Amino acid sequence: MNYKVKNVYGKTKSEKVKVSVPGSKSITARAMLLAAVAEGTSTLFNAQFSDDCQTFLNCLKALGIPAEVHGSTVKITGCGGKLGLKEGKINVGSAGTAARFLPAFLAFQSGKYYLDCSKQMQARPVAPLISALKSLGAKFTFYGEENCYPFTIEGTSTPAEEVTVDITKSSQFLSALLISAACAGKPIKIKANGTHGLDYVNMTLEMMWSFGLTAEEGDGYVVCGKYSAKKYDIEPDISAACYFYAMNKILGTQIEVGGVMPHSMQGDLKFIKLLQNFDGGKIDMREYSDQALTLAAIAPYLKSPTEICGVAHIRKQECDRIAAIVTNLAAMGVRCEEREDGVKIYPAAPKPALIKTFGDHRVAMAFAVTGLRADGIEIENAEVCSKTFKEYFDVLDGLCAELT
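Residues numbered from 1 in each chain as written. Predicted model: local features only at pLDDT ≥ 70, side-chain atom pairs only at ≥ 80, totals over all residues. Heavy atoms only, no water.

*Asks:* Tell me about the pairing of strand S18 (residues 336-339), and please be specific about residues and values.
*Replies:* Strand direction decides the pairing type here: S18 and strand S19 (residues 342-345), joined by 4 bridges, are antiparallel. Bridge pairing in S19 places Glu337 opposite Lys344. Taking the residues that link successive antiparallel strands as the turn, the S18-S19 hairpin has 2 residues. (Pairing = 2+ DSSP bridges. Helix = DSSP H or I, 4+ residues; strand = E, 2+ residues; numbered from the N terminus.)

*Asks:* Go over the sheet that holds strand S1 (residues 3-4) with me, naming the residues and quoting the values.
*Replies:* Either a parallel or an antiparallel arrangement is found when strands of a sheet pair, and the pairing is made through backbone hydrogen bonds. Across the sheet, 3 strands lie side by side as S1-S21-S20; this open sheet has mixed pairing. Both edges of this open sheet fall to S1 and strand S20 (353-355), since each of them pairs with a single strand only. Direction of pairing for S20 relative to strand S21 (residues 377-379): parallel, over a ladder of 3 bridges. Pairing of Leu354 across the sheet is with Glu378, part of S21. The sheet strands contacting helix H12 (residues 361-371) are S20 and S21, and the helix crosses S21 at an angle near 165°. (Contact = heavy atoms within 4.5 Å. Axes fitted to C-alpha atoms, helices over the stretch in contact; angles between N-to-C directions.)

*Asks:* Which residues make up the environment of Met207, and what values go with them?
*Replies:* Looking at where Met207 falls in the secondary structure, it is placed in helix H7 (residues 199-210). Each C-alpha atom, one on Met207 and one on Lys303, is 40 Å from the other, the two residues being 96 residues apart in sequence. Apart from the residues lying within four places of it in its own chain, the contact partners of Met207 are Ile27, Arg30, Ala31, Leu34, Tyr232 and Met265.

*Asks:* Go over the environment of Pro305 with me, naming the residues and quoting the values.
*Replies:* Positionally, Pro305 belongs in the loop between helix H10 (292-298) and strand S17 (306-309). Since its relative accessible area comes to 30%, Pro305 is described here as partly exposed. Those residues within four positions of Pro305 in sequence are excluded, and the remaining contacts are Gly280, Gly281, Lys344, Ile345, Tyr346 and Pro347. (Buried < 20%, exposed > 50% of the residue type's maximum accessible area, 1.4 Å probe, protein only.)

*Asks:* Let's hear about the sheet that holds strand S13 (residues 221-223): which residues, and what values?
*Replies:* One open sheet accounts for 4 strands, arranged S10-S11-S13-S12; its pairing is mixed. Edge positions in the sheet fall to strand S10 (162-166) and strand S12 (216-217), since each has one partner strand and no second. As paired elements, S10 and strand S11 (residues 188-193) share 5 bridges and run parallel to each other. Note that in S11 the partner of Asp166 across the bridge is Asn193.

*Asks:* Could you give an account of the environment of Gly96, with specific residues and numbers?
*Replies:* For Gly96, the location among the structural elements is in helix H3 (residues 96-107). Among the residues examined, Gly96 registers a relative accessible area of 5% and is labelled buried. Separated by 92 residues in the primary sequence, Gly96 and Lys4 place their C-alpha atoms 29 Å from one another. Apart from the residues lying within four places of it in its own chain, the contact partners of Gly96 are Asp52, Met121, Arg124, Gln172 and Lys387.

Set out below in structure tokens:
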């Protein structure tokens, strides 16, 4: 379905509105895996059940992990680090977190497992993680390109005691190893090569601590111990909340997202803080790159040109997000210069256009924000937002009605 965005600029009667967003996708996925590895039954509150998180839970259940869902609450009974199921098949779909976290988990199991994914996911990077898992002792059989999905992984009960992983393309490779190294039953030292923002790694370490295991930090991370089941509250998704704070920036509204606190484990909080004083200029968004699209979407309304850099890796996400920015801004008549690691966008009044989403949820949600201050913006295939925020356009409709 296509979605026609309502231009509400200058028409708002009520500036103060409160909205709700789902629980954090990043925290939900990590909490699910930590609960699956822990001993006992954990209860997770405010879990997100968009496509990605539902896929993650379906995979855990297919691997023999008992789970019950009641609304946004999920109960998971962990395996204590060792799966009873010695053979299995899972499909991670387009869920990037599942595609990185689950192979690491299975590398420490005494079994053989077949993993498949969507065509979109086959193009996303996973080779650095697979290389690290091979060095631990896991064996792989590939059914397409080397070091890519789909594959069979045969885990090891006697993993190497030290592993190095390249995180240049994704910090998830390190997070995946950190969480699942506890399955080894002995100390595992994990080192990282390359540069990437570590906010999500710090989130992983904090959540590991919450489930009872502290990784020792030095010239790497040493993981040893077990996780204990617990009751865990999941924060609202800051990535989803950012769209509404971006709306405030260009509409002059005071939309508040319930549950968003000044301190959060989620790195995208930096984007909300950036919006307070940013009105153009050069900004390195490496550490909160999911919001590169959001900033690009509101950049035409800022006072000075906006140059986004440090985000070359977003070319390999759900789509080439830099190309998506350039394509859609050009369709709206906005001057935009493409760079290898980002874009430069000049102030302009966007013209009517059909936004091509390229199957990417963040393209759809970000450019809907643009349309709130421009006539004739239509989002193609708006349903792609179900990957992380199924109700986004329903919430947007309700918000526009309340504002006007």
